Amino acid sequence: MLDGNGVKLLSRLCEMTDGDKFSVFDWTDLFEEGKNEESEKLWRALIQQGCLNVKYSDEDSVCFAVTLKGRNINEELASMQVVGDENQTVVRTDAAGRPLMVVKNDTFFDNLRKKLHSRSLGFIWGIIGGIIGGIIGGSIVALIMHYVIH
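Definitions and cut-offs
- Residues numbered from 1 in each chain as written.
- Predicted model: local features only at pLDDT ≥ 70, side-chain atom pairs only at ≥ 80, totals over all residues.
- Heavy atoms only, no water.
- Axes fitted to C-alpha atoms, helices over the stretch in contact; angles between N-to-C directions.
- Helix = DSSP H or I, 4+ residues; strand = E, 2+ residues; numbered from the N terminus.
- Parallel < 35°, antiparallel > 145°, perpendicular 65-115°, else oblique.
- Contact = heavy atoms within 4.5 Å.
- Nonpolar A, V, L, I, M, F, W, Y, C, P; charged D, E, K, R; others polar.
- Core = buried A, V, L, I, M, F, W, Y, C linked by side-chain atoms within 4.5 Å.
- Buried < 20%, exposed > 50% of the residue type's maximum accessible area, 1.4 Å probe, protein only.
- Phe/Tyr/Trp six-rings, centres within 6.5 Å; stacked < 30°, edge-to-face > 60°.
- Lys NZ or Arg CZ within 6 Å of the ring centre and 35° of its normal.
- Expected span 1.5 Å × (residues − 1).
- Pairing = 2+ DSSP bridges.

(A) The packing of helix H1 (residues 4-16) against helix H3 (residues 37-48), seen in detail. For the pair H1 and H3, interaxial distance at closest approach is 10 Å and the crossing angle is 70°. Between H1 and H3, the angle falls in the class roughly perpendicular. Contact residues: H1 offers Asn 5, Gly 6, Leu 9, Leu 10 and Leu 13, while H3 offers Glu 38, Leu 42, Trp 43 and Leu 46. Its residues assigned to classes, the contact of H1 with H3 shows 6 nonpolar, 2 polar and 1 charged.

(B) Structural detail: the nonpolar core. Leu 13, Leu 30, Trp 43 and Phe 64 are the most contacted members of the largest nonpolar core, which totals 18 residues. Elements that contribute at least two residues to this core include exactly H1, helix H2 (27-30), H3, strand E3 (61-66) and helix H4 (68-80). At 4 residues, the largest contribution of residues to this core is made by H1. Excluding residues that lie within four positions of it along the chain, Leu 13 makes contacts with Leu 30, Trp 43, Leu 46, Leu 52, Phe 64 and Val 66.

(C) Structural context of the packing of aromatic side chains. Across all of its chains, the model carries 5 aromatic pairs by this definition. Centroid distance Trp 27 to Trp 43: 5.2 Å. Interplanar angle 80°. Geometry classified as edge-to-face. One end of the pair, Trp 27, is in helix H2; the other, Trp 43, is in helix H3, and 16 residues separate them in sequence. For the pair shown, Trp 27 and Trp 43 are each scored as buried. Centroid distance Phe 31 to Trp 43: 6.4 Å. Interplanar angle 75°. Geometry classified as edge-to-face. One end of the pair, Phe 31, is in the loop between H2 and H3; the other, Trp 43, is in helix H3, with 12 residues separating them in the sequence. Among the residues examined, Trp 43 registers a relative accessible area of 3% and is labelled buried. Above the plane of the ring of Phe 22 lies Lys 55, whose end atom (NZ or CZ) is 5.0 Å from the centre.

(D) The arrangement of H1 in detail. Look at H1: 18 Å from first C-alpha to last across 13 residues, which is about the 18 Å you get at 1.5 Å a residue. Those residues of H1 that fall on the buried side of the exposure criterion are Gly 4, Gly 6, Leu 9, Leu 10, Leu 13 and Cys 14.

(E) Looking closely at the sheet that holds strand E2 (residues 52-57). An order of E1-E3-E2 is seen for the 3 strands of this open sheet, with the pairing classed as antiparallel. The open sheet is flanked by strand E1 (23-26) and E2, the only strands paired with a single partner. In this sheet, neighbouring strand axes are inclined to one another by 30° on average, regardless of whether the strands run parallel or antiparallel. Of the pairings in the sheet, the one linking E2 to E3 comprises 5 bridges and is antiparallel in character. The partner of Leu 52 across the bridge, within E3, is Val 66. Of the strands in this sheet, E2 and E3 are in contact with H3, which crosses E2 at around 125°.

Such coordinate-based values are descriptive only and should not be taken to indicate function.
Here it is, written out as structure tokens:
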């Protein structure tokens, strides 16, 4: 699972690298403090999620590429523009590699319910409008065909 720091790191790595080409960086280029226990945990989480492909690493540097899955996750998360408490939100991927937000905050679900409610009302009114428009359009075509044929 990726937390807020993992998402930020993935975004920064996508900006630092080009496509699926391997790049060599010092650990201090990736993490301000260098390689430590916390940065190692973030790095492992990105590898386990399939976001990074590591060719080699040692104590001073690492050669890696951001995978297509990692770039897709980064783009989808950017398009979601998730706003939430970093301590309450984590990112996981499903079997197809799509990012899923796991939120433990009730206000997020309340906002989601409001959005779904307004979307469902819009959907229902769209169907009603389509039916009415179909009836009116069909009546006009039937009248024209009736007078053209007779």
